[in-house]
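Breakdown of the fold
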Amino acid sequence: MLEAFGVSPAAEKLYLYLLREPDLRVEAISAALGWAEGDVRTALDELSGLALLRTSPAHPRTLRPVAPDVGLESLLARLQAELVARQHQLESGRAAVAMLTAEYAELHPRGERTVTEELIGVDEVRLRLKTLTAQAQNELLALVPDPVQRPDTLAASKPLDAALLERGVTMRTVYLNSIRNDPASIAYTDWLAGIGGRIRTAPTVPLRLIIVDRATALVPIDPRDSSAGATVLTGAGAVSAMCALFEQIWNAARPLGLPSPRGAQGLGPEEREILRMLANGETDEHIARRLGVSTRTVGRKASELMRRLGTRSRFQMGVRASELGWLGPPPEACRGEGLLGSACL
């Protein structure tokens, strides 16, 4: 029962016993539980280290158990802090991988060395995209993390997309699920599907990315502000890594016209992602930005998940969901053909 808090089975048994018989000394506990005194002291040390025991004010040499509502809430707070720290480590690790991929690409043979170029501002990016799409021969892949598509972006995309598809270039794009709620985005994807585009959506899209012919990739200079410009990457090492990332996200996404798949627990993709991020200690505001929804939507879904799991706090919800396997991998993504999308950053 208390393993989720890092309490060993022996220490848990002793804690539950002391809640019923709080004033016993080591000798009496040893006799009652049939344990060696050394084992009792080891379990007492563990409980003391977890702040589940305290010194009795009346008898300084006697340890008394801390009430569960106080002691376990303290442990919950500690675990919450550890989860947040691990999430920060994960984000730092992802950033380090991206940096190392670019920094050590020069270890490839000279012909495969990564070359980078910065494009400053939206106009430079659109001009380069116009050139790249005109030169594309086989395939264009894109990840688009915007909750809705701006009218000027859609207008700039249409002639480029139409020209690509007319030449027989394959186009695949992954958008956020939230574009399903935006009439302008849906109208655009309907148009694109009608001329041969393919598109899928996912609960989260980690970054903005465009790959042309698996040889050139564009990523934002600043992930938080795509209008700042883009970095152009060429070279087998870096671009292959970007292609692998795209394929992983594409395979887990679903075609725009299909209903949301639900797991054995009845969780949809957004609910599962909200549950996972809440369990990692992320704020409503951060989750809303990642999913492209409002903070009110996040709060409403979090309350519903707590109700379904029978918990009183979000952290308890995360612990309970982990115990029940609700944070496991989502249902296998649909592998059928879908619609497709925009070439614009």
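In what follows, the structure referred to is the one given above.
Residues numbered from 1 in each chain as written. Predicted model: local features only at pLDDT ≥ 70, side-chain atom pairs only at ≥ 80, totals over all residues. Heavy atoms only, no water.

**Observations concerning the overall build of the protein**
Counting its secondary structure elements, the protein contains 12 helices and 10 strands. The 345 residues of the protein split such that 42% are buried. Summed over its atoms, the accessible surface of the protein is roughly 17,700 Å², and 54% of this surface lies on carbon and sulfur atoms. (Helix = DSSP H or I, 4+ residues; strand = E, 2+ residues; numbered from the N terminus. Buried < 20%, exposed > 50% of the residue type's maximum accessible area, 1.4 Å probe, protein only. Areas by Shrake-Rupley, 256 points an atom, 1.4 Å probe, with all protein chains shown as cover.)

**A short note on the side chain of serine 185**
Residue placement: serine 185 occurs in helix 7 (residues 183–194). Here serine 185 is in contact with Val148, Gln149 and Ile179, once residues within four sequence places are set aside. (Contact = heavy atoms within 4.5 Å.)

**Observations concerning the packing of aromatic side chains**
In this description, a pair of aromatic rings is defined by centroid distance and the angle of the planes. Enumeration over the complete set of coordinates arrives at 2 aromatic pairs. Taking 5.7 Å as the distance between ring centres and 35° as the angle between the ring planes, the aromatic pair formed by tyrosine 188 and tryptophan 191 counts as tilted. Of the two residues, tyrosine 188 and tryptophan 191 both sit in helix 7, 3 residues apart, roughly one turn of that helix. By relative accessible area, which is 3% here, tyrosine 188 ends up buried. With a centroid separation of 6.0 Å and an interplanar angle of 20°, the aromatic rings of phenylalanine 246 and tryptophan 250 are classed as stacked. Here the residue phenylalanine 246 and the residue tryptophan 250 both occupy positions in helix 8 (residues 236–252), the gap between them amounting to 4 residues, near one helical turn. Summarising the burial analysis for this pair, phenylalanine 246 and tryptophan 250 share the class buried. The ring of tryptophan 191 has lysine 158 lying over it, and the distance from NZ or CZ to the ring centre is 4.9 Å. Across the ring face of tryptophan 250, the terminal group of arginine 172 is positioned such that the distance to the ring centre comes to 5.2 Å. (Phe/Tyr/Trp six-rings, centres within 6.5 Å; stacked < 30°, edge-to-face > 60°. Lys NZ or Arg CZ within 6 Å of the ring centre and 35° of its normal.)

**Focus: the pairing of strand 8 (residues 216–220)**
Burial of strand 8 is extensive: 5 of the 5 residues sit out of reach of the surface. Residues of strand 8 alternate between two faces, with Thr216, Leu218 and Pro220 on one and Ala217 and Val219 on the opposite face, all of them buried. For strand 7 (residues 209–212) and strand 8, the ladder comprises 3 bridges, and the chain directions are antiparallel. Each residue of the ladder has a partner; that of isoleucine 210, found in strand 8, is leucine 218. The turn joining strand 7 and strand 8, which pair antiparallel and follow one another in sequence, is formed by 3 residues; a positive phi near 55° is taken by aspartate 213. Two strands pair when backbone bridges link them, and strand 8 and strand 9 (residues 229–234) are joined in this way by 5 bridges, in the antiparallel orientation. Residue pairing in the sheet places valine 219 in a bridge with threonine 231 of strand 9. (Pairing = 2+ DSSP bridges.)

**Notes on the pattern of salt bridges**
Applying the stated criterion to the full structure yields 7 salt bridges. Across the salt bridge formed by glutamate 37 and arginine 41, the nearest N and O atoms sit 3.5 Å from each other. Residue glutamate 37 and its partner arginine 41 are located together in helix 3 (residues 37–49), separated by 4 residues, close to a single helical turn. Assessed through its relative accessible area of 40%, arginine 41 is described here as partly exposed. A salt bridge links arginine 128 to glutamate 117; the shortest N-O distance between them is 2.9 Å. A residue pair is termed long-range when its members are at least 10 positions apart, and arginine 128 in helix 5 (residues 121–135) and glutamate 117 in strand 3 (residues 115–120) qualify at 11 residues. Through salt bridges with shared partners, a single network forms among Glu139, Arg172, Arg214 and Glu247. (Salt bridge = Lys/Arg side-chain N within 4 Å of Asp/Glu carboxyl O.)

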